Amino acid sequence: MSETTEKWSNLEEAAEYLGVTKDTIRNWIKKTDIPAHKIGRLWKFKFSEVDEWVKSGNAAL
């Protein structure tokens, strides 16, 4: 059984991926339901989850 595992991305990579600033990502974490996972003091993201969040229309703030 072959399963690809998507890597976790950090806040800076997520901001670059979405074309926004790190501050925007932090605001979305506080004010929206962006799929972010806190691991210790760091926020981690899976781009597939972020893509679904954007497509669902929940990214509008």
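Since the structure is predicted, the reported quantities are computational estimates derived from the model, not experimental observations.

**Student:** Please give an account of the packing of aromatic side chains that cites residues and values.
**Tutor:** Counting across every chain of the model gives 2 aromatic pairs. With centroids separated by 4.0 Å and ring planes inclined at 5 degrees, the aromatic side chains of Tyr17 and Phe47 adopt a geometry described as stacked. Pair noted here: Tyr17 is in helix H1 (residues 11-18) and Phe47 is in helix H3 (residues 47-55), with a separation of 30 residues, a long-range link.

**Student:** Explain the sheet that holds strand S2 (residues 37-39) residue by residue, including any values.
**Tutor:** Ordered by their spatial adjacency, 3 strands build an open sheet running S1-S3-S2, and the pairing between neighbours is antiparallel. The open sheet has two free edges, formed respectively by strand S1 (9-10) and S2, since each of these has just one partner strand. Taken together, the 3 bridges between S2 and strand S3 (residues 42-45) define a ladder with antiparallel strand orientation. Across the sheet, Lys38 pairs through a bridge with Trp43, a residue of S3.

**Student:** Which residues make up H1, and what values go with them?
**Tutor:** Each α-helix winds once per 3.6 residues, and so residues spaced three or four apart point in a common direction. Inspection of H1 places Leu11, Ala14 and Ala15 among the buried residues, and these make up the whole buried set. All buried residues of H1 fall inside an arc of 100 degrees around its axis, so they share one side. Of the exposed residues in H1, the ones pointing more than 90 degrees away from its buried face are Glu12 and Glu16. In this fold, the buried residues of H1 make contact with S1, helix H2 (22-31), S3 and H3. The opening residue of H1 is Asn10, an N-cap whose side-chain oxygen sits 3.1 Å from the backbone nitrogen of Glu12.

Each value, and the rule that gives it
- Residues numbered from 1 in each chain as written.
- Predicted model: local features only at pLDDT ≥ 70, side-chain atom pairs only at ≥ 80, totals over all residues.
- Heavy atoms only, no water.
- Phe/Tyr/Trp six-rings, centres within 6.5 Å; stacked < 30°, edge-to-face > 60°.
- Helix = DSSP H or I, 4+ residues; strand = E, 2+ residues; numbered from the N terminus.
- Pairing = 2+ DSSP bridges.
- Buried < 20%, exposed > 50% of the residue type's maximum accessible area, 1.4 Å probe, protein only.
- Arc of directions from axis to C-beta.
- Contact = heavy atoms within 4.5 Å.
- Polar contact = N/O pair within 3.5 Å; in protein donor to acceptor, adjacent residues only side chain to side chain.

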